[in-house]
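Given next are the chains, with one letter for each unit.
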Amino acid sequence: MNRWKSWGELPEFMKNEYTLRYYRRLSRKRGSMALKRIFDVIMSLILLVPLSPVILVLAIWIKADSKGPVFFRQERITQYGRKFKIYKFRTMVDDADKKGSLVTTEGDARITRVGAAIRKYRLDEIPQLFNVLAGDMTFVGTRPEVEKYVMAYTPSMMATLLMPAGITSDASIKYKDEEKLLKAADDVDHVYIKKVLPKKMRYNLSYLKHFSIIRDIRICIETVLAVLK
């Protein structure tokens, strides 16, 4: 289980007046955060059993469609600025992160035929259940970013690193068509950092402010409904 750190143990880059406000609020909800971890472990184990055949079918489909590994692994940032390897089904050509931006736009030429179908229903996220089980991620929380984008966080955004990175969130639901928003951008990274990321972070910070297990369950249900739509 991830240990709640004292203020003095936090990385120096996280320490500021904004983070302190959220730290004090979350410190009063440590019982709920412990329940959140228990929920993560139980639900990831429950889901992995029926999804095992789906994982096998998708793995074969991806391997048959294009050259490269079945899984895409990339270093991301989670709670307290810790680095970890996120797992996803590969939906782009091999080494896609070295052939363009670290964010994906609609119609991105790097996306494979099978990858486009998998991304449509967010099936590429299924392997992240292993990240949740390992404690690197949680079901609901700020989506994990690569270090490049985390280093572009404003002082207030650093507060989102007080909790583990998540598979879904209010921001993920509101910006599920993020790729379309970035499609027309001349400089994708600039637009993402200056325009998209700040808007998403408003939702993420609101989540920290109003965190509860009931809210987590609601967001999970809303995510499933959003994908089905």
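These numbers were taken from a predicted model, which means no experiment stands behind them. (Residues numbered from 1 in each chain as written. Predicted model: local features only at pLDDT ≥ 70, side-chain atom pairs only at ≥ 80, totals over all residues. Heavy atoms only, no water.)

Chemist: What is the right way to read helix α3 (residues 113-120) from this model?
Modeler: Turn by turn, an α-helix covers 3.6 residues, leaving residues three or four places apart pointing in a common direction. Within the sequence span of α3, burial applies to Val114, Gly115, Ile118 and Arg119. The buried residues of α3 occupy an angular sector of 130° when projected down its axis, which confines them to one face. When the buried face of α3 is taken as reference, the exposed residues oriented beyond 90 degrees from it are Arg113 and Lys120. Just past α3, the residue arginine 122 takes up positive phi, approximately 55°. (Buried < 20%, exposed > 50% of the residue type's maximum accessible area, 1.4 Å probe, protein only. Helix = DSSP H or I, 4+ residues; strand = E, 2+ residues; numbered from the N terminus. Arc of directions from axis to C-beta.)

Chemist: I tried to follow the pairing of strand β1 (residues 71-77) on my own but got confused; where do I start?
Modeler: Along any regular strand, the residues point their side chains to alternate faces of the sheet. Across seven bridges, β1 lies against strand β2 (residues 83-89) in antiparallel orientation. Opposite glutamine 74, over in β2, you have isoleucine 86 as the bridge partner. Taken together, β1 and the strand that follows it, β2, pair antiparallel across an intervening segment of five residues, in which tyrosine 80 is found at a positive phi of about 65°. (Pairing = 2+ DSSP bridges.)

Chemist: Looking at this model, I keep getting lost on a nonpolar patch on the surface. Mind explaining?
Modeler: A grouping of Ile214, Ile217, Ile221, Val224, Leu225 and Leu228 is seen on the molecular surface, where their side chains present a nonpolar patch of about 600 Å² in accessible area. Residue isoleucine 217 is classed as partly exposed on the basis of its relative accessible area, which comes to 35%. (Patch = residues over 30% accessible without salt bridge, like charges linked within 9 Å, V, L, I, M, F, W, Y side chains within 5 Å. Areas by Shrake-Rupley, 256 points an atom, 1.4 Å probe, with all protein chains shown as cover. Salt bridge = Lys/Arg side-chain N within 4 Å of Asp/Glu carboxyl O.)

Chemist: What exactly am I supposed to notice about the environment of arginine 73 here?
Modeler: Assignment of secondary structure puts arginine 73 in strand β1. Expressed as a C-alpha distance, the spacing of arginine 73 and phenylalanine 84, which sit 11 residues apart in the sequence, is 9.6 Å. Every residue in contact with arginine 73, bar those within four places of it in the chain, is listed here: Ile86 and Tyr87. (Contact = heavy atoms within 4.5 Å.)

Chemist: Just to check I follow, could you spell out the packing of helix α2 (residues 30-65) against helix α9 (residues 213-228) for this structure?
Modeler: Two packed helices can be described by the angle between their axes and the distance between those axes. Relative to each other, α2 and α9 sit at 35°, their axes nearing to 10 Å. When α2 is examined against α9, the residues Ser32, Leu35, Lys36 and Phe39 are found in contact with a partner set consisting of Ile213, Asp216 and Ile217. Here the residues of the contact of α2 with α9 sort into four nonpolar, one polar and two charged. (Axes fitted to C-alpha atoms, helices over the stretch in contact; angles between N-to-C directions. Nonpolar A, V, L, I, M, F, W, Y, C, P; charged D, E, K, R; others polar.)

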